[in-house]
Protein chains: 2
Amino acid sequence: MSGALKDAAIRVERPAKTLRELALDKVREAIVNGYFRPGDRLVERDLCAQLGVSRTVVREVLRHLESEGLVANLPNKGPIVAQLDIDEARQIYEIRGALEGMAARLCAERGSPEIVAALEESLAAIRNSYRDHDMAAVLANTSSFYQTLFTMVDRHVAWGVVNLLTVRINHLRSMTIKTERRGIEGPLQMSKIIDAIRRGDGEGAQRAAMDHVAAASAIAEAVLSAQKPAE
Amino acid sequence: MSGALKDAAIRVERPAKTLRELALDKVREAIVNGYFRPGDRLVERDLCAQLGVSRTVVREVLRHLESEGLVANLPNKGPIVAQLDIDEARQIYEIRGALEGMAARLCAERGSPEIVAALEESLAAIRNSYRDHDMAAVLANTSSFYQTLFTMVDRHVAWGVVNLLTVRINHLRSMTIKTERRGIEGPLQMSKIIDAIRRGDGEGAQRAAMDHVAAASAIAEAVLSAQKPAE
DNA sequence: AATCGTATTATGGCCTACCAAATACTGTAG
DNA sequence: CTACAGTATTTGGTAGGCCATAATACGATT
């Protein structure tokens, strides 16, 4: 196993991603950052033209995004960007709470100083990003914080699930982060998670992580229900 | 919303599934029930011939299964049936524990007699299937039990996640179920879940659900580590 | 005989072109 | 103004072909 790890460290980052992967990233990007709005139709041939690739590739990309939940396929009408459903968002936050709570508990129970150090580093980066009002960086560093939480205890599958779900609520996340008091409360709640982990309090770490997600969920819900009637 | 629900209840099960969906189910089936073994190469053109469909469809199916985790894609070598990793299996069981525990707790907290009734019905079906030694039915009814747990409290997203993860360990499940004492202990643990839900004990329901998954996980691990050295 | 190139094959990645069926649109006749 | 017929749009699916790469087999050379 350590041999495999060593190999992985050496291995050259394959620069030759397939066209399909590039196209996938582009379209996902476009959906997540709002270039394609929820409900927009994704016409195959238009996408072919915009991406400069063939239908074969576009179709595979659309299938992939469909299974990610970013694209919905109306029968006999074709794919559209998935609508954001307030109830679905709530469920996603709930699942994140359960899984991130689990990860936090495991971190606490392991009681390794390196975990605490890594998390504190992430948190510092988040605070810096808030200070600079660089919201894209806040988002990235928050992801990194949670990634640390999962990967330090080798829960790659759970991290994958969380990641998968998170892209579906990405624009919500970017809105909750911009909320007034979030820049102070968010890091505060995260530091509570770290504190609990540091003192090996699994129960407390789990609760703190769930609280943090619950707070984000509450803000998201407020944002969403304030926005829906407007449309 | 209630209108949509009524429609959904009425709507005829669209018999005109696309060829793609049919092919997807066939290949998934073939992987899950062992017709394709882990590590087997899935050669596009061969699959075309076997399924009687074009490469376009086959490729889309392979992409989809890849994002489900049933198929792995080796660069420059093509798709193979994903290998079952013991650590990954453990993680999947752990996630199921977290989510099914959450669902059980929610069921208990809702305190609706219909939930208890529905779960008891499922459990009875499982017991019958065990009595008849119909293991396929045991598996189906067990899924149905958990589906009830999730859908009665409208957690469709979480159910989707569990389902997605479960196909990856399906053959493990079918082995754990055949284990000697499982036919008695499994239903016993499930009835404990129901008992806790009936008396509105959220904490207890969650713990009972997690215990049940943990037991399955332990058996799976034993089965798997007894099997691996043989190969 | 061992080794070093070189054809051949197998296969995935990608493309173009085509057809059928369903849907949406549009213009005209009554 | 309505009903209907025709037309365009778009997906679902097929066929086949081109190219690049990896592996294998096959010689040729030393």
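Note that the structure is predicted; figures quoted are calculated from it, not measured.

Enquirer: Sorry if this is basic, but what is going on with the pairing of strand β1 (residues 71-74) of chain B here?
Expert: Consecutive side chains of a regular strand alternate in pointing toward one face of the sheet and then the other. All names here are of chain B. In this sheet, strand β2 (residues 78-81) lies alongside β1 in antiparallel orientation, the contact comprising 4 bridges. The residue of β2 that forms the bridge with Ala72 is Ile80. In sequence, β1 turns back onto β2 through a hairpin of 3 residues, with Asn76 there showing a positive phi of about 65 degrees.

Enquirer: Which parts of the structure should I look at to understand the relation of the copies chain A and chain B?
Expert: What connects the two chain copies is a rotation about an axis and a shift along it. Screw-axis analysis of chain A against chain B gives a translation of 0.0 Å along the axis, an RMSD of 0.1 Å, and a rotation angle of 180 degrees. Taken together, these values place the two copies in the relation of a two-fold axis. Among all residues of chain A, the one whose C-alpha sits closest to the rotation axis is Glu60 of chain A, at a distance of 2.7 Å. A share of 96% of the interface residues of chain A reappears at the interface of chain B, consistent with the copies meeting face to face through the same patch.

Enquirer: How do you make sense of the packing of helix α10 (residues 182-198) of chain B against helix α11 (residues 202-227) of chain B when you look at a structure like this?
Expert: In a packed pair of helices, the relevant descriptors are the angle between the two axes and the axis-to-axis distance. All names here are of chain B. Closest axis-to-axis distance for the α10/α11 pair is 7 Å, and the angle between their directions is 165 degrees. The orientation of α10 with respect to α11, classified from their angle, is roughly antiparallel. Regarding α10 and α11, the two cross each other, and that crossing is left-handed. Seen from α10, the contacting residues are Arg182, Gly186, Gln189, Met190, Lys192, Ile193, Ala196 and Ile197; seen from α11, they are Gly204, Ala205, Ala208, Ala209, Asp211, His212, Ala215, Ala216 and Ile219. A class-by-class count of the residues in the contact of α10 with α11 yields 10 nonpolar, 4 polar and 3 charged.

Enquirer: What am I meant to see in the protein's contact with DNA strand C here?
Expert: Close contacts around DNA strand C come from 21 residues, with Leu19, Ser54 and Thr56 of chain A together with Arg45 and Arg55 of chain B the closest. Near the protein, within 4 Å, the atoms of DNA strand C are sugar or phosphate in 59% of cases. One nitrogen or oxygen atom from the side chain of Ser54 of chain A is found 2.5 Å from a phosphate oxygen belonging to DNA strand C. Take Arg45 of chain B: an N or O atom from its side chain is 2.7 Å from a base nitrogen of DNA strand C.

Enquirer: I would appreciate a short explanation of the protein's contact with DNA strand D in the present structure.
Expert: Neighbouring DNA strand D are 19 residues, the closest being Arg45, Arg55 and Arg59 of chain A together with Leu19 and Ser54 of chain B. In DNA strand D, atoms within 4 Å of the protein come 65% from sugar and phosphate. Here a base oxygen of DNA strand D and a side-chain polar atom of Arg55 of chain A are 3.0 Å apart. Separating a phosphate oxygen of DNA strand D from a side-chain N or O atom of Arg63 of chain A is a distance of 3.2 Å.

Enquirer: Even after reading the chapter, I still don't get helix α5 (residues 86-110) of chain A, so can you show me in this structure?
Expert: Note on helix geometry: an α-helix contains 3.6 residues per turn, so any two residues three or four positions apart are oriented the same way. All names here are of chain A. The end-to-end C-alpha distance of α5, which contains 25 residues, comes to 36 Å, matching closely the 36 Å that a straight helix rising 1.5 Å per residue would cover. Capping of α5 at its N-terminal end is provided by Asp85; its side-chain oxygen lies 2.9 Å from the backbone amide nitrogen of Asp87. Phi turns positive one or two residues past the end of α5, at Gly111, with a value near 65 degrees.

Enquirer: Sorry if this is basic, but what is going on with the packing of helix α6 (residues 113-131) of chain A against helix α7 (residues 135-151) of chain A here?
Expert: All names here are of chain A. Where α6 contacts α7, the axes come no closer than 8 Å and their chain directions differ by 170 degrees. On the basis of the axis angle, α6 is roughly antiparallel to α7. Every residue of α7 that contacts α6 at Ala118, Leu119, Ser122, Leu123, Ala125, Ile126, Ser129 and Tyr130 is listed here: Met135, Ala137, Val138, Asn141, Thr142, Ser144, Phe145, Thr148 and Leu149. Residues that form the contact of α6 with α7 fall into these classes: 11 nonpolar, 6 polar and no charged.

Enquirer: Help me understand the packing of aromatic side chains in this model?
Expert: Each aromatic ring pair is characterised by the separation of its centres together with the angle its planes make. Under the defined criterion, the tally for this structure stands at 6 aromatic pairs over all chains. A ring pair is formed by Phe145 of chain A and Tyr146 of chain A, whose centres lie 5.4 Å apart and whose planes are at 90 degrees; its orientation type is edge-to-face. Summarising the aromatic geometry, the rings of Tyr35 of chain B and Phe36 of chain B are spaced 5.1 Å apart at their centres and angled 65 degrees between planes, so their arrangement reads as edge-to-face. The class for Phe36 of chain B is buried, based on a relative accessible area of 11%. Geometry around Tyr146 of chain A places Arg96 of chain A over its ring, the cationic atom sitting 5.7 Å from the centre.

Enquirer: Is there a simple way to explain unusual backbone geometry in this structure?
Expert: Residues other than glycine predominantly adopt negative phi, and peptide bonds predominantly adopt the trans conformation. Even without being a glycine, Asp154 of chain A presents a positive backbone phi close to 60 degrees. By the secondary structure assignment, Asp154 of chain A is in the loop between α7 and α8 (156-168). Overall, the relative accessible area of 38% leaves Asp154 of chain A in the partly exposed class. Notably, His133 of chain B is not glycine yet its phi reads approximately 55 degrees, a positive angle.

Enquirer: Any chance you could explain α10 of chain B here in plain terms?
Expert: Residues and elements named next belong to chain B. Given a rise of 1.5 Å per residue, 17 residues ought to cover 24 Å, and the 24 Å separating the end C-alpha atoms of α10 matches this to within 8%. For α10, the complete set of buried residues consists of Arg182, Gly186, Pro187, Gln189, Met190, Ser191, Ile193, Ile194, Ala196 and Ile197. On its buried face, α10 is in contact with α5 (86-110), α6 (113-131), α7 (135-151), α9 (170-178) and α11. Following α10 by one or two positions, Gly200 has its phi on the positive side, about 70 degrees.

Enquirer: Would you mind going over the interface of chain A and chain B with me for this structure?
Expert: Often, the extent of an interface is quoted as the loss of accessible area upon association of its parts. In this complex, chain A contributes 28 residues to the contact, which on the side of chain B involves 27 residues. Here chain A meets chain B over a buried area of about 2,300 Å², counting both sides, of which 61% is carbon and sulfur. At the surface where chain A touches chain B, the tally comes to 6 salt bridges. The partner of Arg63 of chain A in a salt bridge is Glu60 of chain B, with the nearest N and O atoms 3.5 Å apart. Taken together, the links from chain A to chain B amount to 12 residue pairs in polar contact (both at pLDDT 80 or more). Broken down by secondary-structure element, the contributors of at least two residues to the side of chain A that touches chain B are α4 (55-68), α5 and α8 of chain A.

Reading the values: the criteria
Residues numbered from 1 in each chain as written. Chains lettered and ligands numbered in written order. Predicted model: local features only at pLDDT ≥ 70, side-chain atom pairs only at ≥ 80, totals over all residues. Heavy atoms only, no water. Pairing = 2+ DSSP bridges. Helix = DSSP H or I, 4+ residues; strand = E, 2+ residues; numbered from the N terminus. Least-squares fit on C-alpha atoms with pLDDT ≥ 70 in both. Contact = heavy atoms within 4.5 Å. Axes fitted to C-alpha atoms, helices over the stretch in contact; angles between N-to-C directions. Parallel < 35°, antiparallel > 145°, perpendicular 65-115°, else oblique. Left-handed = near helix turned anticlockwise from the far one by under 90°. Nonpolar A, V, L, I, M, F, W, Y, C, P; charged D, E, K, R; others polar. Near = heavy atom within 4 Å. Polar contact = N/O pair within 3.5 Å; in protein donor to acceptor, adjacent residues only side chain to side chain. Expected span 1.5 Å × (residues − 1). Phe/Tyr/Trp six-rings, centres within 6.5 Å; stacked < 30°, edge-to-face > 60°. Buried < 20%, exposed > 50% of the residue type's maximum accessible area, 1.4 Å probe, protein only. Lys NZ or Arg CZ within 6 Å of the ring centre and 35° of its normal. Buried area = accessible area lost by both parts, 1.4 Å probe. Salt bridge = Lys/Arg side-chain N within 4 Å of Asp/Glu carboxyl O.

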